[in-house]
Structures are given as C-alpha cells and as structure tokens.
Amino acid sequence: MSSQFDLVVIGAGPGGYIAAIRAAQLGFKVACIDEWKNAAGGPAPGGTCTNVGCIPSKALLQSSEHFDHANHHFADHGISTGKVTMDVAKMIGRKDTVVKQNNDGILYLFKKNKVTFFHGRGSFAGKTDAGYEIKVSGAKEEVVTGKQIVVATGSNARALPGVAFDEETVLSNDGALRIGAVPKKLALIGSGVIGLEMGSVWRRLGADVTILEGLPTFLGAVDEQIAKEAKKAFDKQGLKIELGVKVGEIKTGKKGVSIAYTNAKGEAQQLDADKLIVSIGRVPNTIGLNAEAVGLQLDERGAIVVDGDCKTNLPGVWAVGDVVRGPMLAHKAEEEGVAVAERMAGQHGHVNFNTIPWVIYTSPEIAWVGETEQQLKARGAAYKAGTFPFLANGRARALGDTTGMVKFLADATTDEILGVHIVGPMASELIAEAVVAMEFKASAEDIARICHAHPSLSEATKEAALAVDKRTLNF
Ligand code: FAD
Ligand code: NAI
C-alpha cells in the first residue's frame, strides 16, 4: 500500500471522518488516522461524539426517559405496569451496542468511499517536498505522507485543578456514561449541557442529584425567558441546581466524595455524594500531535489557531472541530470538515456560524438558533418578539407534554428572523425549521404563512411566528 496521500486526516470524530469522506468524494486519495480503541483494543472511529459524547448520552437519555414514562406517565394513559425496574447493566449494554453500530458504520463508510484507515496515534514527523510526514503509532509504526493535512483531534474534559478524574468516584463524561448502578447521591459540578443531560439521566433512574454551578445565572447563553422556563421544569422534577457557588476542597474516600463549597450567600457548605461528575467545559486536544515539530501555531487555550476558512499558519494544514475556535458541537465540526474538503478542491466551502443550532436533550428539550433577546438588547437592536405556549397546542396535549414554548425574535423593521428559541417537547426536531428559515433569510411572516400539518408540534412554531405580529389563532 502506498503511503503517499493527497490528504491525511488526523482524528476520525465528526470533523475528521466527514472531512475524509467528502474529500474522497471529490476525488482525493485520502487517509484517516484515529487512535480510539474499543474494549477489545480494536478501532472505534467516531471520536468523542460516537464513543463518549452525543450518541451514548442520547442512548441513556432515551432509556431513562422510557423508565420515567413507565413510572410516572403510563398510568395517565390507562396503562398499569406494576413495579417498574431498571437493569442498569442492560441499559449500558444497549448503549454500547448503539456505539458499536456507529463505529462499524464509519468503518463501512471509509471502505465505501475508499478512505484508507489507520488505527493509531498520528503525529507530525516532518515536511518534505512530497508533503507532511505523519508518523502513525499503532500496532506497528509507519509513516504516511499527505500533500494536505486536516487536524481534527477534538477535545478532552476539563478537570478541576488538583482533582484528577479516576472515572470511579470523580467522573468525566466518559465515566458518567458507564456508571454500573444508580448512585444514591450524585453530585455534578457545572450546570452546562453535560451537567443537565447527565444529571437528568441519573435523576430519572432514581439518584438524588445536586448540580453545583459557579455562575449566578442559569444557562447564561440561552435566551433568559427560555432558561427560566426550563429551570422551573427542572426544579419541579427535583433536579437540584445551586447557582453562584464557589467549589472548594474535594475529598474522595471509600464512601464516595465530599465537596466543600460556598453558596451564593457566602455560607460554607458541604455536599456528600457517592459519585461526582465534573462537567465544567472541555479543552482542545493536541496531546501527542507533536505540533512543535512543524511549528503549528496554538493559542493560549491550546486550540489550533485557524482563520475563517480553517487554514492554520502552515500552508496545506487545516484544522476543524473542537480543536479550533467556535462552539464544540458535532454538527459544527462536520460542517467545517465538509467546507475544508471543498476548499481543497477549489470550491467555495461555507459554514454559517450564525445559524448553528444548539440543542440540550433534557426533558423538556431546549433548542435555539440565532440571537437571544438579551443579545439583541445588548446591541440595541430594534426587534419584535412572539411566543406560543405548548399548552395551547393540540398535539402537545395529546402527547401529554405541554411544558414550554416557542419564541420568535424578528427585526422590527424588516421582520427578518433573528433568533428562534424553544423549550418543550421535540425542540431538537422543531429547531430545524427555524435554521432553514434563517438560512433563507425568511421573515417571521414567511413562517406564519406556511401550511403546517395538524395536529403537530410544528404548529406552535407557526403560531409563535404569528405572535410576532400579535395575531395568534389558538391562544
Ligand atoms: P472528537 O469527536 O473529539 O474526535 C477527535 C478524534 O481524534 C478522537 O477519535 C481521538 O481519538 C482522535 N485523536 C486525537 N488525537 C489524535 C492523534 N494524535 N492521532 C490519532 N487520533 C487522534 N455535540 C453535539 O453536537 N450534540 C450532542 O448531543 C453532543 N453531546 C455531547 C455529549 C457529551 C457527553 C460530550 C462530551 C460531548 C457532546 N457533544 C455534542 C460535543 C461533540 O461530541 C463534539 O463537539 C464533537 O465530537 C467534536 O468533534 P471532533 O471531530 O472535533 O472531535
Ligand atoms: P459547558 O460549557 O456547557 O458548561 C460548563 C458549566 O460549568 C458552565 O455553566 C460553567 O459556568 C460551569 N463551571 C465552570 N467552571 C466551574 C467551577 N469551577 N465551578 C462550578 N461551575 C463551573 O460545558 P460541559 O457541560 O462540560 O460540556 C462541554 C461541551 O460539550 C459543551 O459546551 C458543548 O459544546 C458540548 N456538549 C454538547 C451537547 C449537546 O449539544 N447537546 C451535550 C453535551 C456536551
């Protein structure tokens, strides 16, 4: 097998594997290197997203939601089940199967698209006239050369200073996704996306969950009205969230973990728990890449410095996904991967950072695209707002889930949609319509004039668009 490639991609997470496939579709000879190992030591492409992120977290969210429904909602439908039990090992096993299906799917896609896959760590070894030399350290050691390189090495969980992850008592996202039995008491630090999703999983399964959050505001990046509505729902569920805390000493022992902290009033507190999940953000990963060998520039956070086109300081070297600036989201990484491959082929790859949707897969789900009301206020924009509650939506009533609302923000003069914010059932699916609308620079009236199926949750989107002009029909 020749070791000379048009493109070598380092990392097979959503950024890397998608860049590799798109480049192969465009006629390049492509290699992709990834070091992730499954339990048997074999390749497990798909990165954080597939192995310890998006996919396994959504599998556990689904299982725990079924459990929650069986326990608390089936009776409303006249279904009696008797005592409902949860086999945690089986739930985790199912999650592992889902992960493996995704790993295998990517290996299949590499074959289909003639991407050569290398299992091992890729590191810069040097540069010759033929391109960049990348050493692959796996079962054996070999060197591959790429005329162009895409670095897509992702991110790692940030640890609290002095508190290493042991994945037994102090857990990162990795350990949080394979807890063997429902902990009686579970503590989390950080009520961001992972804190809320993982906290929800284990609360639904019966754990007493407390989340300690450093900031005084809940979900500061989310539209305030939506965040407030979500917080109300989480409070009602018994998910305890303490805002404005300062975490102090953390001690671990045979019995679990003890966290000293100061609450928002400045009072000294202590939280004892069986396990602690630390979910305080993620750091770009360039460990083992040997970036210094070629002078690849990193910033003070350790992220690879790129321009708007994902070009690094080195000609022919690109970087995408969590290892560069911007939101750490799988779909953002994928879009950058596609755009970079297309730019290499002389096309006009394009990523619109203003229309990247965010979703938090709790119950209720939270999803948004574009600007929040507080952002519009801060920049002095003239805007109109319209909201519609799921309480007034027939499908939501039939589903038995009427929490939340859809909120539209539109330019006061042109009516162009500036942001759409949803808290409620299937917000993750509903947000797609808003993304399409914003990509096409639609006005709120455009959405209000489109026929939406009845009964559907999407009618709440149409009604929120009507609400911008103060003319809802069903509320
Ligand atoms: P990664 O997915 O991190 O992939 C990087 C890959 O590079 C890894 O496979 C790694 O092994 C490999 N690698 C690193 N260095 C080397 C090297 N030197 N040589 C060879 N291989 C190397 N995002 C969403 O959009 N939706 C979600 O629902 C969502 N849920 C999440 C849940 C959790 C618990 C977590 C932790 C994250 C979640 N994310 C979610 C974020 C998402 O996982 C990341 O944004 C996404 O995985 C980034 O993709 P990437 O390709 O940049 O990097
Ligand atoms: P996050 O940035 O979403 O939240 C971290 C939270 O921890 C913040 O609220 C922050 O104020 C708080 N915090 C930071 N330091 C603290 C400290 N010392 N004490 C107390 N609180 C502290 O990060 P998270 O949840 O770790 O997730 C990382 C990233 O992974 C997300 O930002 C997102 O990009 C991605 N992700 C996406 C998901 C999705 O799209 N559904 C799901 C899970 C993760």
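Thresholds applied
Residues numbered from 1 in each chain as written. Chains lettered and ligands numbered in written order. Predicted model: local features only at pLDDT ≥ 70, side-chain atom pairs only at ≥ 80, totals over all residues. Heavy atoms only, no water. Domains from an automatic or database assignment. Contact = heavy atoms within 4.5 Å. Buried area = accessible area lost by both parts, 1.4 Å probe. Near = heavy atom within 4 Å. Polar contact = N/O pair within 3.5 Å; in protein donor to acceptor, adjacent residues only side chain to side chain. Areas by Shrake-Rupley, 256 points an atom, 1.4 Å probe, with all protein chains shown as cover. Helix = DSSP H or I, 4+ residues; strand = E, 2+ residues; numbered from the N terminus. Nonpolar A, V, L, I, M, F, W, Y, C, P; charged D, E, K, R; others polar. Expected span 1.5 Å × (residues − 1). Buried < 20%, exposed > 50% of the residue type's maximum accessible area, 1.4 Å probe, protein only. Salt bridge = Lys/Arg side-chain N within 4 Å of Asp/Glu carboxyl O. Pairing = 2+ DSSP bridges. Axes fitted to C-alpha atoms, helices over the stretch in contact; angles between N-to-C directions. Left-handed = near helix turned anticlockwise from the far one by under 90°. Arc of directions from axis to C-beta.

### Section: the domain arrangement of the protein
Under the domain assignment, the protein is made up of domain 1 (3-157 + 283-351), domain 2 (170-280) and domain 3 (356-468). Just the C-alpha atoms count here: the centres of domain 2 and domain 3 sit 29 Å apart. Each partner contributes residues to the interface: domain 2 has 18 residues there, and domain 3 has 21 residues. Carbon and sulfur atoms make up 66% of the surface buried where domain 2 meets domain 3, a total of about 1500 Å² over both sides.

### Some points on the site of ligand 2
As a matter of local geometry, ligand 2 sits amid 22 residues, with Ile194, Glu213, Gly281, Met328 and Val359 nearest to it. One nitrogen or oxygen atom from the main chain of Val359 is found 2.7 Å from a nitrogen atom belonging to ligand 2. Protein burial of ligand 2: of its 840 Å² of free accessible surface, 74% is covered by the chains. Going through the elements one at a time, helix 6 (193-204) and strand 17 (358-360) are the ones with two or more residues in the shell around ligand 2. In the shell around ligand 2, the residues fall into 12 nonpolar, 6 polar and 4 charged.

### Here's the deal with the site of ligand 1
By nearness alone, 38 residues border ligand 1, and Asp34, Thr48, Lys58, Gly122 and Asp322 come closest of all. The contact in question runs from an oxygen atom of ligand 1 to an N or O atom on the side chain of Asp34, over 2.6 Å. Elements represented by at least two residues in the shell around ligand 1 include exactly helix 1 (14-25), strand 2 (30-34), helix 2 (47-52), helix 3 (54-72), strand 3 (116-128) and helix 8 (330-344). Each residue belonging to the shell around ligand 1 can be placed in one class, and the counts come to 15 nonpolar, 17 polar and 6 charged.

### What to know about helix 1
Along its 12 residues, helix 1 runs 16 Å from first to last C-alpha, staying within 8% of the 16 Å computed at 1.5 Å per residue. Of the positions making up helix 1, those classed as buried are Pro14, Gly15, Gly16, Tyr17, Ile18, Ala19, Ala20, Ile21, Ala23 and Ala24. Residues of helix 1 that are buried make contact with strand 1 (4-10), strand 2, helix 2, helix 4 (88-112), strand 5 (141-151) and helix 8. Two residues or fewer after helix 1 comes Gly27, characterised by a positive phi angle close to 100 degrees.

### Details of the side chain of Gln148
Within the secondary structure, Gln148 sits in strand 5. A polar atom in the side chain of Gln148 sits 2.9 Å from the side chain of Trp318. Setting aside chain neighbours within four positions, we find Gln148 in contact with Asp6, Leu7, Val8, Gly316, Trp318 and Met344.

### Topic: the pattern of salt bridges
One pass over the structure, following the stated rule, counts 21 salt bridges. Here Lys407 and Asp223 are joined by a salt bridge, their closest N and O atoms 2.8 Å apart. Here Asp223 lies in the loop between strand 9 (208-212) and helix 7 (224-237) and Lys407 lies in strand 20 (residues 405-411), a separation of 184 residues in the sequence. One exposure class covers both Lys407 and Asp223, and it is buried. Residue Arg343 pairs with Asp309 through a salt bridge whose shortest N-O separation is 3.6 Å.

### Some details on unusual backbone geometry
With an omega dihedral of 5 degrees, the bond running from Ser363 to Pro364 counts as a cis peptide bond. Tracing the backbone shows Pro364 in the loop between strand 17 and strand 18 (365-370). Between His454 and the following residue, Pro455, the backbone shows a cis peptide bond with an omega angle of -10 degrees. If you trace the backbone, Pro455 turns up in the loop between helix 12 (444-448) and helix 13 (458-468). Even without being glycine, Lys114 reaches a positive phi, approximately 60 degrees. Residue placement: Lys114 occurs in the loop between helix 4 and strand 3. Within the chain, Lys470 stands out as a residue other than glycine whose phi angle is a positive 55 degrees. Relative to the assigned elements, Lys470 resides in the segment after helix 13. A relative accessible area of 74% means that Lys470 is categorised as exposed.

### Things to note about the sheet that holds strand 11 (residues 246-253)
Read across the sheet, 3 strands follow the order 11-12-13 without closing on themselves; strand pairing throughout is antiparallel. Of all the strands in the sheet, just strand 11 and strand 13 (268-273) have a single pairing partner and so form its edges. Mean inter-strand twist for the sheet, computed between neighbouring axes without regard to direction, equals 20 degrees.

### Observations concerning the packing of helix 3 against helix 4
Relative orientation of the contacting elements helix 3 and helix 4 amounts to 140 degrees, with a least axis distance of 9 Å. The handedness of the crossing between helix 3 and helix 4 comes out as right-handed. Between helix 3 and helix 4, the residues in contact are Ile55, Pro56, Ala59, Leu60 and Ser63 and Met91, Ile92, Arg94, Lys95, Val98, Val99 and Asn102, respectively. Residues belonging to the contact of helix 3 with helix 4 are distributed by class as follows: 8 nonpolar, 2 polar and 2 charged.

### Looking at the pairing of strand 11
In this sheet, strand 12 (residues 256-262) lies alongside strand 11 in antiparallel orientation, the contact comprising 6 bridges. Residue Gly253 lies in a different strand from strand 12, and its bridge partner there is Gly256. Linking strand 11 back to strand 12 in an antiparallel pair, the connection comprises 2 residues.

### Re helix 7
For helix 7, built from 14 residues, the straight-helix expectation of 20 Å at 1.5 Å per residue is met to within 8% by its first-to-last C-alpha distance of 20 Å. The complete set of buried residues in helix 7 reads Ile226, Ala227, Ala230, Lys231, Ala233 and Phe234. Summarising the axial view, the buried residues of helix 7 lie within an arc of 165 degrees, below the 170-degree limit, and thus occupy one face. Of the exposed residues in helix 7, those oriented more than 90 degrees away from the buried face are Glu224, Lys228, Lys232 and Lys236. On the buried face of helix 7, the contacting elements are helix 6, strand 10 (240-242), strand 18, strand 20 and strand 21 (417-424). You can read the cap of helix 7 off the contacts: a side-chain oxygen lies 3.2 Å from the backbone nitrogen of Gln225, and it is on Asp223. Within two residues after helix 7, Gly238 carries a phi angle of roughly 90 degrees, on the positive side.

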